[in-house]
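# Observations on chain architecture
This is what each chain is made of:
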Amino acid sequence: MNRMEPLRTIEAGVLEVAYYEAGPADGPPVLLMHGFPYDIHTYAEVAPLLAAQGCRVVVPYMRGYGGTRFLSDATPRSGEQAAFGADLLALLDALKIERAVLAGYDWGGRAACVVAALWPERCAGLVSLNSYNIQNIAKAMEPDTAENEHSLWYQYYFHSERGRAGLAKDRNAIAKLLWKLWSPTWNFDDATFARSAAAFDHPDFVDVVIHSYRHRFGLVPGDPAYADIERRLAAQPTITVPAITFDGIDDGVRPPADASAHAHRFSGPRSHRLVPGAGHNLPQEAPRTFADAVLELVPALMRSQTTSSS
């Protein structure tokens, strides 16, 4: 089974980020961002497809996962959306990447959406599962349909101390259950799960996860360092960069929607696609579909690189 090794590390913002890189160093840069509860191996098949087409592919572990570590014990173990966006922006700066195609799903897709919305000059194109993935925290307490509320049971579980204890006691069992519920048509084996589950054995995993699912409901304060970013996100900023958005037809946590559901959040060129036979972990379930979407956005990045260097 393909493992994404060796890893590199770099100091970026408040983190030492562990990441996998493939492809030519001077190729058009693409950052692939994983979600919860997954890891960089979501892209084990996507990354080589992109590298083979000449892309510089960077796949980082997000805060609380794998080899990524906080530089200071004093830094709050925040899981808020502003932190994810700030981490991605800091990584672009550390790697000296001026513009990139940003692609992701779940937490990673949220990080990509935050950067695309607030720093569009750094994002040449966006690939995002579940379309506009920036949380509207002001409306978080408005109830959804009964069916959709049922699928969010894990979030409400994490609001309680019982949920924190449960995650600390057996994070792998919870993660594996979510994999099954969110991607009911994906027949992953134990080895595939174990390869990713190693990333959850992290001293800050539980704290970051619990904070993430409490902060998005307004139940806990955020890190003051990100207050300005959260203020800007509260305005639900429009994404202006070229975007390709997806929903998996079999997504067990976010039901698929047509393009109109999020159309008002995108002012740039956007193509929205529904993928049959795929759930929430789209890059791992349909790697060719995901990679092809990224490659559609790369030519615009290459043109901008040529223009800036001329």
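Notes on the structure follow. Note that the coordinates shown come from a computational prediction; the quantities given were computed from them, not determined experimentally. (Residues numbered from 1 in each chain as written. Predicted model: local features only at pLDDT ≥ 70, side-chain atom pairs only at ≥ 80, totals over all residues. Heavy atoms only, no water.)

## Thoughts on the overall build of the protein chain
Each helix and strand in the protein chain was counted, giving 12 helices and nine strands. Each principal axis of the C-alpha atoms in the protein chain carries an extent, and together these give about 60 × 40 × 40 Å. Taking all 310 residues of the protein chain together, 57% fall into the buried category. Looking at the protein chain alone, contacts between residues at least 24 apart form 79% of all its contacts between residues at least 6 apart. (Helix = DSSP H or I, 4+ residues; strand = E, 2+ residues; numbered from the N terminus. Buried < 20%, exposed > 50% of the residue type's maximum accessible area, 1.4 Å probe, protein only. Contact = heavy atoms within 4.5 Å.)

## Examining a nonpolar patch on the surface
Nonpolar side chains collect at one region of the surface, where W153, L177 and L181 lie side by side and expose about 240 Å² of accessible area between them. In this structure, L181 sits in helix α7 (residues 171–182). Assessed through its relative accessible area of 40%, L181 is described here as partly exposed. (Patch = residues over 30% accessible without salt bridge, like charges linked within 9 Å, V, L, I, M, F, W, Y side chains within 5 Å. Areas by Shrake-Rupley, 256 points an atom, 1.4 Å probe, with all protein chains shown as cover. Salt bridge = Lys/Arg side-chain N within 4 Å of Asp/Glu carboxyl O.)

## Things to note about the side chain of R63
For R63, the location among the structural elements is in the loop between β4 (56–60) and β5 (69–70). Engagement of the side chain of R63 in a polar contact is seen with the side chain of D87, the distance being 2.6 Å. Setting aside residues up to four positions removed in sequence, R63 forms contacts with V14, L15, T68, F70, P76, S78, A83, F84, D87, V208 and Y226. (Polar contact = N/O pair within 3.5 Å; in protein donor to acceptor, adjacent residues only side chain to side chain.)

## Re the side chain of D204
Position of D204 among the secondary structure elements: in the loop between α8 (190–197) and α9 (205–215). A polar contact is formed between the side chain of D204 and the side chain of R77, at a distance of 3.1 Å. The contacts of D204, once residues within four sequence positions are left out, are G64, F70 and R77.

## Some points on the pattern of salt bridges
A full pass over the atoms with the stated rule returns 13 salt bridges. We note a salt bridge from R164 to E161, for which the minimum N-O separation is 3.6 Å. Placement of both R164 and E161 in helix α6 (residues 161–169) is noted, with a separation of three residues, approximately one turn of the helix. Here E296 ties to R273 by a salt bridge, and the two come within 2.8 Å at their closest N and O atoms. With E296 in helix α12 (residues 287–309) and R273 in strand β9 (residues 270–275), this residue pair connects regions lying 23 residues apart in the sequence. Salt bridges linked by common partners bring E161, R164, D207 and R214 together as one network.

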